[in-house]
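A look at the structure
Each chain, written out:
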Amino acid sequence: MNKKGFLIIFDRRYFIFIGILFALFFLYDHYDSIGYIQEGSTAYDIGNFFGLQPPDSELIDSYILDLTNQQRANYELEPLSFDSELSGIAIMHSKDMFDRDFFDHNNPDGDGPTERARNNGIRIVSGTWIGIGENIGETPIGNVIGCGYVYDELDVAKCTMDGWMDSPGHRENILNSDSSVIGVGTHCTTSSCFSTQNFR
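Quick look at the structure, then. (Residues numbered from 1 in each chain as written. Predicted model: local features only at pLDDT ≥ 70, side-chain atom pairs only at ≥ 80, totals over all residues. Heavy atoms only, no water.)

**Quick look at the pattern of salt bridges**
Note the threshold: A pair is scored as a salt bridge if a Lys or Arg side-chain nitrogen falls within 4 Å of a carboxyl oxygen belonging to Asp or Glu. Counting from the N terminus, the helices are the DSSP runs of H or I reaching at least four residues and the strands are the DSSP runs of E reaching at least two. We call a residue buried when its accessible area falls under 20% of the maximum for its residue type, exposed when it is over 50%, and partly exposed in between, using a 1.4 Å probe and counting protein chains only.
Taken as a whole and judged by the stated rule, the model has 5 salt bridges. Of the charged contacts, one joins Arg 200 and Asp 83 as a salt bridge, the two residues approaching to 3.4 Å between their closest N and O atoms. Placement of Arg 200 in the segment after strand S8 (192–199) and of Asp 83 in the loop between strand S1 (81–82) and helix H4 (84–99) is noted, with a sequence separation of 117 residues between them. With relative accessibility at 11%, the residue Asp 83 sits in the buried group.

Spelled out as structure tokens, the structure:
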């Protein structure tokens, strides 16, 4: 083998290897503490540039509302009406869970769904009870155990609803005959979707 041929082969393999290492280190540097690519980072922007957009959160909310009322119909319960005020605090909570890296009904300030509703001037009395019911969920984008491959908005909504219906407390909120209105709010990144349901 002559010198020129050796350099061509060496250069090609060398640059492929270096390119793979660079890509791995570059992506790792932009992961946050829970393993997602940080929103607003260069890696996230590059993903958006190449069309790797997060799912449409509003479309997911619409699917979740429809699926919730389908479940209620299965049990001969009245459908829940969409409430834009409850949806506002639901969206706010979903985004807050991502932004401040927590997963709980109570935020780091100690406010739960009833406090968030009251703080935003939303009525918290319904029939014979006081307070706001809430379901929260996080659905990864990709191959999800129990859901299969989750990519589009309907996949996300179905996987989220399946998780809630398989959990006694979440299921009770969805099938609560005392509830009449619902708010749904989802916040998605390219890696995961956080969803919140609020009931009254």
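**Remarks on the nonpolar core**
As a reminder of what qualifies: As used here, the term nonpolar core means buried Ala, Val, Leu, Ile, Met, Phe, Trp, Tyr and Cys residues forming a set that is joined through side-chain atoms within 4.5 Å. Throughout, a residue-residue contact means that at least one pair of heavy atoms, one from each residue, lies within 4.5 Å.
Membership of the largest hydrophobic core comes to 20 residues, with the highest contact counts inside it found for Ile 60, Ile 64, Met 161, Ile 174 and Ile 182. Mapped onto this core, the elements with two or more residues apiece are helix H3 (57–74), helix H6 (153–165), strand S7 (181–188) and S8. Considering every element that reaches this core, the biggest residue donor is H6, with 6 residues. Once you skip the residues sitting within four places of it in the chain, Ile 174 turns out to touch Thr 68, Gln 71, Arg 72, Asn 135, Met 161, Trp 164, Met 165, Gln 197 and Phe 199. Listed in part, the 7 residues of the second largest apolar core include Leu 86, Ile 89, Ile 124 and Ile 132.

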